[in-house]
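# Close look at the chain arrangement
The residues making up each chain are set out below.
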Amino acid sequence: MDLQKLTKTVQELFDNGKGILAMDESTQNCNKRFAKLGIKETEESRRAWRELIITTPNLAECIGGLILYDETIRQKTALAHNASSARNALRSDADGHNDAGGDGVPFIKVITDVGIILGIKVDEGLKDMDGHPNEKVTKGLDGLAGRLKEYYDMGARFAKWRAAFTIGSNIPTQDCINENAKILAEYALVCQEAGIVPIVEPEVLMDGSHTIEKCQQVTKEVLQTVFKELTVKGVVFEGMILKPNMVVPGLACPAQNSVDEVADATVKLLIEVVPANVAGVAFLSGGQSSELASAHLSAMNANYKKRLPWPVTFSYSRAIQYPALEIWQGNDKNIVAAQKSLYHRAKLNQAACRGEYNIEMEK
Ligand code: 13P
């Protein structure tokens, strides 16, 4: 295992207050989001949306890494946005064969040309857990090493695997937590052996009416089990990123907590259960509004600056993409305005990584 290579990847991802933008929604999830806005649920719509994201001017100032989905990592721009990178793409094949086709530039090239690190979702989604109604385990270990090799050769340097835990009556069970933790650890080890930094994402979902204390209790059980299994497998903490949920009340909980209370509960728990030598903590947004996701992250960095042993940053999908998606609506005329919104949200989250976000910046 080349630990130096892994730690270098993490340093570059989070350099200068940067974070990660997740654009790795499965086809089904991406379509669901499009359907809500009346955007066509086609491969071309998904391609066009992802093209809009990756061609956002100056995105690399605040985004160190992009997480793609298998469909997306193989896609190309419709038209050359940047004549010189398009020409380079066309020139890149010594046989004169134009793999890019037409005017399209491979997304991989667009991303790496601006210095953003390529990441890839490698889990294959959730399936029902046998004998455990309402609980899920994550699929995708079969053939993982081979897929990672292909992605590495395409330029991917980090990967993501998500496990999801629902809080409900008598769930999550310890069996479900144990099973997912073992799978996450196996995935993380295979990634590190392939020269790819694993993002380990055990998400405790916000769905439900549970309190912040309940979220804290479940998140603690989950993280403790995950780190136990990572240790058993021999995953090197300096070469991995944890992508946790924040400690928040359920979306339907009548008692919603203040920004400082969420920051407090989250940081205290993480300091208790996350080893100090983990390379980075990059939160998911999980259904929080864009403003709250920025405010919580900023409060953690501002209030606990000296006590955080790891970079505390973001790996948001919805909290960065949603405002821009609502502007875009699948219409080319809205691309520039949507890109401005996307850049603005990414920039605000960079400020949050420095503990410098405030609501006035929303204007
Ligand atoms: P959200 O920020 O929308 O929770 O998505 C993060 C993610 O990558 C989910 O796996």
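In what follows, the accompanying structure is described. Just so you know, the residues in each chain are numbered from 1, in the order the chain's sequence is written. Residues qualify for local features only when their pLDDT is at least 70, as the model is predicted, and side-chain atom pairs are given and counted only at 80 or more; totals for whole chains, interfaces and linings, by contrast, use all residues. Processing note: side-chain calculations cover all non-hydrogen atoms of the structure and skip hydrogens and water entirely.

### Points about the site of the ligand
Neighbouring residues are identified by heavy atoms, a residue being near a molecule or strand if any of them is within 4 Å of it. K160, K243, S285, G286 and R318 are the nearest of the 13 residues found near the ligand. Contact between the ligand and K243: an oxygen atom at 2.7 Å from a side-chain N or O atom of the residue. S285 places a side-chain nitrogen or oxygen 2.5 Å from an oxygen atom of the ligand. The protein chains shown are the only cover counted for residues, whose accessible areas, like all others here, come from Shrake-Rupley with a 1.4 Å probe. Across the complex, the protein chains shield 93% of the 300 Å² of accessible surface that the ligand would expose by itself. Its residues assigned to classes, the shell around the ligand shows three nonpolar, four polar and six charged. N or O atoms closer than or at 3.5 Å make up a polar contact, with two conditions inside protein: a donor-capable atom paired with an acceptor-capable one, and, for residues adjacent in sequence, both atoms drawn from side chains. Classes in brief: Ala, Val, Leu, Ile, Met, Phe, Trp, Tyr, Cys and Pro nonpolar; Asp, Glu, Lys and Arg charged; the others, Gly included, polar.

### A look at the environment of R345
By the element assignment, R345 lies in helix α13 (residues 335-353). Here R345 falls in the buried class, since its relative accessible area comes to 4%. Considering only alpha carbons, one finds R345 and A293, 52 residues apart in sequence, at a separation of 10 Å. Pairs of residues are marked as contacts when any of their non-hydrogen atoms sit within 4.5 Å. Those residues in contact with R345 that sit more than four places away from it in its chain are S290, E291, S294, A319, I320, P323, Y357 and E362. Of note is the side chain of R345, whose polar atom sits 3.1 Å from the side chain of S294. Put simply, DSSP marks the helices as runs of H or I at least four residues long and the strands as runs of E at least two long, and each gets a number from the N terminus on. Here's how the labels work: a residue is buried when its accessible area is under 20% of the maximum for its type, exposed when over 50%, partly exposed in between, all with a 1.4 Å probe on protein chains only.

### Comments concerning the pattern of salt bridges
Any Lys or Arg side-chain nitrogen found within 4 Å of a carboxyl oxygen on Asp or Glu counts as a salt bridge. Summed over the entire model, instances satisfying the criterion amount to 22 salt bridges. The partner of E150 in a salt bridge is R74, with the nearest N and O atoms 3.0 Å apart. Here E150, found in helix α7 (residues 144-154), pairs with R74, found in the loop between α4 (70-73) and α5 (83-91); they are 76 residues apart in sequence, far enough to count as distant. For E150, a relative accessible area of 36% corresponds to the partly exposed category. Judged by relative accessible area, which is 40%, R74 ranks as partly exposed. Measuring nitrogen to oxygen at the nearest pair gives 2.8 Å for the salt bridge that ties D153 to K149. Remark: K149 and D153 occur in helix α7; sequence separation between them is four residues, near one turn of the helix. Comparing D153 with K149 shows no difference in burial state: the two are exposed.

### Describing the packing of helix α3 (residues 43-54) against helix α12 (residues 318-328)
Axis angles are defined between N-to-C directions and span 0 to 180 degrees, where every axis is a line fitted to C-alpha atoms and, for a helix, only to the segment in contact. Two elements in contact, α3 and α12, have axes separated by 12 Å at closest approach and are oriented at 120°. Our classification of the angle between α3 and α12 gives oblique. As for the relative orientation of α3 and α12, their crossing is right-handed in sense. Taking contact as the criterion, the partners of S45, A48, W49, L52 and I53 in α3 are, on α12, Q321, A324, L325 and W328. A per-class count over the contact of α3 with α12 returns seven nonpolar, two polar and no charged. In these notes the angle categories are as follows: under 35 degrees is roughly parallel, over 145 is roughly antiparallel, 65 to 115 is roughly perpendicular, and the rest is oblique. Two helices that cross are described as forming a left-handed crossing if the nearer one is turned anticlockwise from the farther one by less than a right angle, and a right-handed crossing if clockwise.

### Brief notes about the nonpolar core
The biggest cluster of nonpolar side chains holds 115 residues, and the ones touching the most others in it are L66, Y187 and L230. Broken down by element, the residue count for this core peaks at eleven residues, all from helix α8 (residues 174-193). Residues belong to a common nonpolar core when they are buried Ala, Val, Leu, Ile, Met, Phe, Trp, Tyr or Cys residues joined through side-chain atoms within 4.5 Å.

### Remarks on the sheet that holds strand β2 (residues 63-68)
Pairing between strands is defined by DSSP: at least two bridges between them are needed. Strand order in the closed barrel formed by eight strands is β1-β2-β3-β6-β7-β8-β9-β10, with parallel pairing between adjacent strands. As paired elements, β2 and strand β3 (residues 117-121) share four bridges and run parallel to each other. Bridging from a neighbouring strand, I67 pairs with G119 of β3. Strands in contact with α8 are β6 (158-165) and β7 (197-204); relative to β6, the strand with the most contacts, it is inclined by about 180°. Lying over the sheet, helix α11 (residues 290-303) contacts β9 (280-283) and β10 (312-316), oriented at roughly 165° with respect to β10.

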